[in-house]
Structure formats: C-alpha cells, structure tokens
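# Fold and geometry: a report
So the chains spell out like this:
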Amino acid sequence: MKKSALITFGLIMSTLILCSCEDRCCVDAQGNVVEDEKCKKEEKTRAAGGHGGGFYWYYGGTHGGVGSRASGGSFTPGVLRGGFGSLGAFHGAKGG
Amino acid sequence: MERKGTYPRDGWEQKIAEAGLIFDKADGHPYWHEEAYYEFSAREVDELEEATNTLSDLCLEAADQVIERDRLAELAISAPVATVIQESWRQERSFTLYGRFDLAYDGNSPPKLLEYNADTPTMLLEAAVVQWFWLEEKFRGADQFNSIHERLIEQWKKLKWYLRHSPLYFTYAEGSLEDLATVTYLMDTAAKAGLVIADLVVSDIGWHSDRRQFVDLANKPIRSLFKLYPWEWLVAEEFGPHLLDVYKEMQWLEPLWKLVLSTKGILPILWELNPGHPNLLAASVTAPPTGDWVKKPRFSREGANVAVHRAGGQNLETPGTYGQEGFIYQQLAPFSNFDGYYPVLGSWIIGGEAAGIGIRESTALITDYRSRFVPHLFT
C-alpha cells in the first residue's frame, strides 16, 4: 500500500511538472494551454492581414500539459539567460 | 637559442601587475619568471617567423580540404554545425583576428607544430606587453620577436571595415582572471583602433525568444561578438541551436570555421596532406606513430588529459575532464632540455602574418597551467 501511494504521488508530481514554458507555449484567451500549431497558424493568418482566433504565446511559467492552465509567466516575450557558460564552469579553464 | 640566468628587476611583481598581469599564481606557482630568459639569434627568429607563416598557410589549405570535401565528421563535428561552418568558410574566410601556434624548438632542428590555438588563444598580454616592458628596462638596445601589440591594433582597424554593427561585444567566462585580463587587453587594442566596445559575461548573454536574437543585459541586440569562449562549448550548450539559427545574421570573432583548426583532430589531416613536412610531427587518429608518442584529446585545454608514451618507459599522463570527443596520436616532439626546463614557443599569427612569440617552460614534457612564462630577446 505504501509503495502504491508513493507511485501515485510520483505520477501526480510528474503531471504537475510535466512542462514548462521555458521558451514559450501557446494558450487560448482563458490561459489554457493548446497545441503550439494554433499560435503558429495564427501568426501566419495575422501576417497575411487576417484576424486572429484568440490564441497567444505565453512566455515562461509552468503548466500541466494541453488543456491545463499556464501560470507564473507572461504574455510579453521573455528573455532567457544562462544558456551559455555551463561547460566553462564544468571544465574550469576557457582560453588555451 | 640559449637559456640564460639573470637578476629580476627591483619591484618586478608590482611592475608586472601594473602592466595587467593580475594572474601571476597558479596553485601557488608563480607564472611570470624573470630570473631567466631565452636568447635567440636573428637567424633563429627568421626561422620561427617563416615556420609560423608556413604553418598558417598549411592550416588554411587543410581547412579548405576538410570543409569543402565534407570531412568535418572526421573531426567529430556534427552535421548541423558542419553546415554553418561551410557557410562561414565561404563568406568570412579573412574575418579573423589571431591565433597561436605552439612550437617545439631548440635552435637546431626546424620548429615543430605541437598544436594550433586557433580559436581562443591566451598567453597574450604577457607576450605582447609584459615581456616588452621587461626588455626595455633590462636590455635596452636588444630586440625581441614581438610586434603583437601593434599588429593587433592594425588588424582591428582592418576588421572595423567588415563589422556592420556597433558596439562590438566582448564575452568571456566568469571566474578566470586570465580570461578577464586577456579580454580587457583585447578591448583596449580594439578601442585604440577606433572600435566601439562593450563587455558581457558569457552566461549573461540573453536569448530573446520573440525577436529570436541574442541580447545584452539591457535587452539590446548583440550583432557583433568577440568571444573568448570555445566554439565547441558554445554550440554544445543550451543556446547552441539558437546560435546556429542566427549565426549568419551576426558577426562572430573568431568565426565558426576556426573550430576546424582549433581541434587537435586537424593534426593528423595536416600530416596526411603534407607527409614528412619539416614543421610537422607525424600524427594519426587510428594508431600511435612508431617510437615515442603523445595521446591528446581532440578538444582540451592547458595540457589536460594528455598522455606521453616513451618506448623506454617514463610514461606520463595528466588528469582532466576532456576526451569525450576522442583522441589523436602525435609523434613526441624532439624536445631539448634547457637547464632542466622544456620550453614551448607560442608563436602568434595576427591578420595572417607572424607577429611574435611568448615562451612557457616546464620541468615536465607536458605544458600545463603550472608552466611559467619566461621572456626572451634576440641579438
């Protein structure tokens, strides 16, 4: 029983932290996550002068997958940092 | 070529610090050593200059061979990176500042190439400035194979016409005093050439996901970037795919094609293309040469993960965190011992021409971060 409980807890946790909008994810007007394709399609529609269908890029934050609500991020584009430098920190020397 | 003893200057520690050498100790070992110096004849300097220019030509021919004949996989370079290297080679072949050939030399045999630091060479400030001040104070009237400072400024002036955007950002990894001093010096030479400059720690470079641009700490776009941070790390890190996407929208120094020459994997190709060349050592990917040999990681720094094998025993190996991309074998250079020390000559190529040397010496056959810099002169 104890083992099952742990597995269930693990499953819940893995669902909760399943995804992050580290780069960006697509949401509808209510902030619910939808497939990225909807935002990409909308970008093309807008670029061609058409009206959007209510889908937006959401930057940063976390969500539990398509259909869940994204939170902790922003509708304005984010800037990510720290994507360079990890190997320098690991190896310790840089120039040669 | 001789190694001679001498008295250090009064207050030499303060003098080298004032010249910018703020990284004089490695694990408690003094890095700058002026109780000795190396003296060359004018003929020997001519030989070093000629060898450096020859090696530069051979390397460019080897790069052309590797890039244009789709041999980049042999250097453990992935297909996405290889595609961008090919564009870089075709479009910005002359967009380069500098490089440093490490040579074994004793004044009797021709200089032999140990490796080419084509991407992120350091040991620059001490070669360009600190040893020159030493010469002027100690041996006024003698000469030194060293026009590094002037050549850097000259080359920046040429590159200024290629750079489409200002400022030129200089980036480096936090935590290394040597890298900080090197970048600060390079920024100074660029500013003297009239470039508008800015500095940025490599981990502070931002990726603007909507604009699909690299940005500085004020979120301003970075369009021109000098990096003292190796290409093989940049393309392998989290922002590597973004870098490859936007590479051609920016200008990078050194350009990406320099990755081909900075890997030790180029050494077997140089030997294959120029077998028996007097300035090269036999090298192979598959099997050690006959006699004494050295095993080196394709990518490594400061002599890490290098193994020396001698037929009569006396094997040697250094620790480190490198070697994942594989190793190459190289014939052991015919090192001569000068008063118990093995010198390695770092010969600078700036704007495609030999510009001077700096010497590091070690009591062991492998030059590592504890090796010390010794000045030189010629008569």
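The model shown is predicted, which means the values in this text are computed figures rather than measured ones. (Residues numbered from 1 in each chain as written. Chains lettered and ligands numbered in written order. Predicted model: local features only at pLDDT ≥ 70, side-chain atom pairs only at ≥ 80, totals over all residues. Heavy atoms only, no water.)

### Considerations on helix 3 (residues 79–91) of chain B
Every α-helix winds through 3.6 residues per turn, so residues three or four apart in the chain are directed the same way. Residues and elements named next belong to chain B. The end-to-end C-alpha separation of helix 3 is 19 Å, in line with the 18 Å expected for 13 residues at 1.5 Å each. Along helix 3, the residues classified as buried are Val-81, Ala-82, Val-84, Ile-85, Gln-86, Ser-88 and Trp-89. The inward-facing, buried residues of helix 3 abut helix 2 (42–68), helix 8 (240–246) and helix 9 (258–262). (Helix = DSSP H or I, 4+ residues; strand = E, 2+ residues; numbered from the N terminus. Expected span 1.5 Å × (residues − 1). Buried < 20%, exposed > 50% of the residue type's maximum accessible area, 1.4 Å probe, protein only. Contact = heavy atoms within 4.5 Å.)

### A look at the pattern of salt bridges
For the coordinates displayed, the defined rule picks out 23 salt bridges over all chains. Of the charged contacts in the structure, one is a salt bridge between Glu-37 of chain A and Lys-40 of chain A, with a shortest N-O distance of 3.9 Å. Placement of both Glu-37 of chain A and Lys-40 of chain A in helix 2 (residues 36–47) is noted, with a separation of 3 residues, approximately one turn of the helix. A salt bridge links Asp-64 of chain B to Arg-93 of chain B; the shortest N-O distance between them is 3.8 Å. Residue Asp-64 of chain B is located in helix 2, and its partner Arg-93 of chain B is located in the loop between helix 3 and strand 5 (98–104); the two are separated by 29 residues in the primary sequence. With a relative accessible area of 40%, Arg-93 of chain B lands in the partly exposed category. (Salt bridge = Lys/Arg side-chain N within 4 Å of Asp/Glu carboxyl O.)

### A few points about the side chain of Arg-298 of chain B
Among the secondary structure elements, Arg-298 of chain B is positioned in the loop between strand 14 (293–297) and strand 15 (307–309). The buried charged residue Arg-298 of chain B lacks any salt bridge partner; its closest oppositely charged side chain belongs to Glu-74 of chain B, at an N-O distance of 7.3 Å. (Lys, Arg positive; Asp, Glu negative; His and termini not counted.)

### Examining the side chain of Glu-44 of chain B
Residues and elements named next belong to chain B. Summarising the element assignment, Glu-44 is placed in helix 2. When its relative accessible area of 6% is taken as the criterion, Glu-44 is described as buried. Among the polar contacts made by the side chain of Glu-44, one reaches the main-chain amide nitrogen of Ser-41 at a distance of 2.8 Å. Apart from residues lying up to four places away in sequence, Glu-44 is in contact with Met-1, Glu-39, Tyr-105 and Gly-107. (Polar contact = N/O pair within 3.5 Å; in protein donor to acceptor, adjacent residues only side chain to side chain.)

### Section: the interface of chain B and chain A
Facing the 39 residues of chain B at the interface are 22 residues of chain A. Carbon and sulfur atoms make up 55% of the surface buried where chain B meets chain A, a total of about 2500 Å² over both sides. Our count for the contact surface shared by chain B and chain A stands at 0 salt bridges. Across the contact surface, chain B and chain A share 12 residue pairs in polar contact (both at pLDDT 80 or more). Residues of the side of chain B that touches chain A, tallied by class, amount to 17 nonpolar, 12 polar and 10 charged. Across 3 bridges, strand 6 (residues 79–81) of chain A lies against strand 9 (residues 206–208) of chain B in antiparallel orientation. (Buried area = accessible area lost by both parts, 1.4 Å probe. Nonpolar A, V, L, I, M, F, W, Y, C, P; charged D, E, K, R; others polar. Pairing = 2+ DSSP bridges.)

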